Amino acid sequence: MKIAAFVGSNRKDSLNKKLTLFMQERYQEKVEIDILPLEKLPMYNQDNELDPPEIVKEIRTKILESDGLLFATPEYNHSIPAFLKNALDWFSRIEKVMLNKPAMIVGVSAGVLGTAKAQMHLRQILNSGGIGAVTLPGNEVFIGSALDKFNESGTFTHEQTIDFLDQVVENYIGWVNKVK
Ligand code: FNR
């Protein structure tokens, strides 16, 4: 199963990126997680959408060829970062490559709510007519107070959350196979 991953942070030491890399390795026998190079996307401009940059076409192909989508995003000011919204705007237009794609959402934050508010917005955006992705019901992965959940080399180590994540990934894979 091929999963195209959107990491919502462009920060070098991003916790959401580290979590995605952890998932990529931990679940490699079950799913192939391909992290999309969103940092190469220019700022969306409607003037360019009919003749978009090559990178937009390349990422569109990766999304089209995927069986599902993974979103790992921080919360910025109670919503998703502009970095992620920019990518979603590019892939909502002309070719609706996310239409009916089954999506799973996770999020890491130093704060206690673990990106809960950003994820509410993200679900709403993904379910909009322009995008039309379908989100895994329930299975909300809010990873709060996260600074001590990674070790010094950046590996995610919080056993209780890992057990939960294992279950959510199982639920996601079962659901993708059902809706496919
Ligand atoms: C934040 N952060 C934050 N955290 C949170 O729980 N709720 C919020 O609304 C915000 N808002 C916010 C705005 C801006 C502009 C920044 C830079 C940060 C903190 C944020 O969750 C924290 O920096 C994460 O570690 C960012 O994710 P990455 O980059 O580590 O993946």
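Parameters and conventions
Residues numbered from 1 in each chain as written. Predicted model: local features only at pLDDT ≥ 70, side-chain atom pairs only at ≥ 80, totals over all residues. UniProt positions renumbered as here; feature names shortened; annotations may be inferred. Helix = DSSP H or I, 4+ residues; strand = E, 2+ residues; numbered from the N terminus. Rg over C-alpha atoms; globule rule 2.2 N^0.38 Å. Buried ≥ 20, exposed ≤ 12 C-beta atoms within 10 Å, placed from the backbone. Contact = placed C-beta atoms within 7 Å. Core = buried A, V, L, I, M, F, W, Y, C linked by C-beta atoms within 7 Å. Near = placed C-beta within 6 Å. Nonpolar A, V, L, I, M, F, W, Y, C, P; charged D, E, K, R; others polar. pLDDT = per-residue confidence, 0-100.

Taking an unreviewed UniProt entry as the reference, the chain is identified by name as NAD(P)H-dependent FMN reductase belonging to Cytobacillus purgationiresistens. Per UniProt, the chain carries the Sequence similarities (unreviewed entry) text "Belongs to the azoreductase type 2 family."

Visitor: What is the right way to read the overall build of the chain from this model?
Guide: Counting its secondary structure elements, the chain contains five helices and six strands. If you list the helices and strands of the chain from N to C, you get β-α-β-α-β-α-β-α-β-β-α. Its C-alpha atoms give the chain a radius of gyration of 15 Å, within 12% of the compact-globule value 16 Å for 180 residues. When the backbone C-alpha atoms are referred to their principal axes, the chain occupies close to 45 × 35 × 25 Å. Counting the 180 residues in the chain, one finds 36% classified as buried.

Visitor: Which parts of the structure should I look at to understand the environment of Thr20?
Guide: Looking at where Thr20 falls in the secondary structure, it is placed in helix α1 (residues 15-26). Through-space distance from the C-alpha of Thr20 to that of Ala5 is 7.9 Å; in sequence the pair is 15 residues apart. Residues within four places of Thr20 in sequence aside, it is in contact with Ala5, Val7, Ile33, Ile35 and Ala72.

Visitor: How should I be thinking about the UniProt feature "domain: NADPH-dependent FMN reductase-like" (unreviewed entry) in the chain in this particular structure?
Guide: Under the local residue numbering, the UniProt record ascribes the feature "domain: NADPH-dependent FMN reductase-like" (unreviewed entry) to residues 1-146. Spanning residues 1-146, this segment combines 30% helix with 18% strand, and its end C-alpha atoms are found 29 Å apart.

Visitor: What is the right way to read the nonpolar core from this model?
Guide: The tendency in soluble globular proteins is for nonpolar side chains to be buried as a group. Formed by 44 residues in total, the largest nonpolar core has its most connected members in Ala5, Phe6, Leu69, Leu70 and Phe71. Setting aside residues no more than four positions away along its own chain, Phe6 makes contact with Leu36, Leu38, Leu69, Phe71, Leu84 and Ala87.

Visitor: Any chance you could explain the site of the ligand here in plain terms?
Guide: The ligand sits among 14 residues. The nearest are Ser9, Ser14, Asn16, Pro74 and Gly111. A per-class count over the shell around the ligand returns five nonpolar, seven polar and two charged.

Visitor: What's the story with the confidence of the model for the chain in this structure? I'm lost.
Guide: Caution is warranted with low-pLDDT regions, since their predicted coordinates should not be read in detail. Of the residues in the chain, 100% have a pLDDT of 70 or more, and the chain-wide mean is 96. Interface scoring of the predicted complex returns ipTM 0.98; its pTM is 0.97.

Visitor: Just to check I follow, could you spell out the environment of Leu19 for this structure?
Guide: By the secondary structure assignment, Leu19 is in helix α1. Residue Leu19 is classed as buried on the basis of its C-beta count, with 25 C-beta atoms lying within 10 Å. Remark: the alpha-carbon pair of Leu19 and Phe156, spanning 137 residues in sequence, is separated by 6.3 Å.

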